[in-house]
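Understanding the architecture of this molecule
Each chain, letter by letter, is given below.
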Amino acid sequence: RTCGSLLAASEPGRGAEDDAGDVDLIWPRELKIDSVRAVLSVDDEAVKLQSFSGRRGLGFVTADGTYDLESSVGSGMARFREFAVEQYLLDFLPAGSRADARDLWVRWNPLGSFDATLNWTREDGASDITVDARPAWIAFDTGVGRTRADVDRGVFRLRDDAIFCDDLAIQFHTEGLAVER
């Protein structure tokens, strides 16, 4: 059995095309995490991420998980708190949607903050990734000026190639005008 700790920064996208051809989720190149601390244990039966934490700007991430080497069954969870809305998020979209999304990003120039939970499971040779995200706020350019949307409640659920909205209450403010949707 091997158990170790790590204190570092991560650039998880580096070399991803060459090193991880069969991985289900490739971390976006621009999503670099600083102040990484991790405790990993490895034995003949399993790899366990006992703890993981890191920072990006004002945001922080924690994670844990396990992967059984014999049965190829695994699960993990990552929790993101106070993460900034940045362009790396577009790399989580399906490849066919990214070009249009990048054009909209340039046009709308979004800023914001969100919390999210990513769950990963692997069983019977297939992986499943689900994400529940709750934006705190987002600001973007519109035809009439800069608009800010404050999310009072609700969540976005990302499942496969679909995004579901659950019980959203958002208040929009544009140049002193407030409209609830």
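Since this is a predicted model, take the numbers as computed values, not measurements.

A count of helical and extended segments in the protein gives 2 helices and 10 strands. Its helices and strands in sequence order give the protein the pattern β-α-β-β-β-β-α-β-β-β-β-β, from N to C terminus. Burial analysis of the protein (181 residues in total) assigns 28% to the buried set. Surface summary for the protein: the accessible area is close to 11,400 Å², and the carbon and sulfur share equals 52%.

By the element assignment, Arg81 lies in strand β5 (residues 73-84). In this structure Arg81 comes out as partly exposed when scored by relative accessible area, which is 26%. Between the C-alpha atoms of Arg81 and Val61, which are 20 residues apart in sequence, the distance is 6.3 Å. Ignoring anything within four residues of it in the chain, the contact list for Arg81 reads Gly59, Phe60, Phe114, Asp115, Ala116 and Thr117. Here the side chain of Arg81 touches Ala116 through a polar contact of 3.1 Å, landing on its backbone oxygen.

Of all hydrophobic cores here, the largest spans 18 residues; its most connected members are Ile33, Val61, Ala78, Phe80, Phe83, Phe114 and Ala116. Breaking this core down by element, the ones donating at least two residues are β2 (33-42), β4 (59-68), β5, α2 (98-108), β6 (111-123) and β7 (126-142).

Glancing now at unusual backbone geometry. One non-glycine residue, Ser72, lies in the positive phi region at around 60 degrees. Positionally, Ser72 belongs in the loop between β4 and β5. We classify Ser72 as partly exposed; its relative accessible area is 30%. Notably, Glu82 is not glycine yet its phi reads approximately 55 degrees, a positive angle. Topologically, Glu82 is positioned in strand β5.

Turning to the side chain of Thr130, a few remarks are in order. Within the element layout of this structure, Thr130 appears in strand β7. For Thr130, a relative accessible area of 16% corresponds to the buried category. Once residues lying within four places of it in the same chain are set aside, the contact partners of Thr130 are Thr117, Leu118, Asn119, Leu158 and Arg159.

You can see Thr174 is positioned in strand β9 (residues 162-174). One polar contact links Thr174 to Thr147, side chain to side chain, over a distance of 2.5 Å.

The next thing to look at is the pattern of salt bridges. Under the criterion given, the structure shown has 9 salt bridges. Among the ionic pairs, Glu86 bridges to Arg56, the shortest N-O distance being 2.8 Å. Remark: Arg56 occurs in strand β3 (residues 46-56) and Glu86 occurs in the loop between β5 and α2; sequence separation between them is 30 residues. We classify Glu86 as partly exposed; its relative accessible area is 26%. For Arg56, a relative accessible area of 16% gives the class buried. We note a salt bridge from Arg79 to Asp64, for which the minimum N-O separation is 3.0 Å. Separated by 15 residues along the polypeptide, Arg79 in strand β5 and Asp64 in strand β4 bring together distant segments of the chain. Members of the salt-bridge network, linked through shared partners, are Asp132, Arg157, Arg159 and Asp166.

The rules behind the values
Residues numbered from 1 in each chain as written. Predicted model: local features only at pLDDT ≥ 70, side-chain atom pairs only at ≥ 80, totals over all residues. Heavy atoms only, no water. Helix = DSSP H or I, 4+ residues; strand = E, 2+ residues; numbered from the N terminus. Buried < 20%, exposed > 50% of the residue type's maximum accessible area, 1.4 Å probe, protein only. Areas by Shrake-Rupley, 256 points an atom, 1.4 Å probe, with all protein chains shown as cover. Contact = heavy atoms within 4.5 Å. Polar contact = N/O pair within 3.5 Å; in protein donor to acceptor, adjacent residues only side chain to side chain. Core = buried A, V, L, I, M, F, W, Y, C linked by side-chain atoms within 4.5 Å. Salt bridge = Lys/Arg side-chain N within 4 Å of Asp/Glu carboxyl O.

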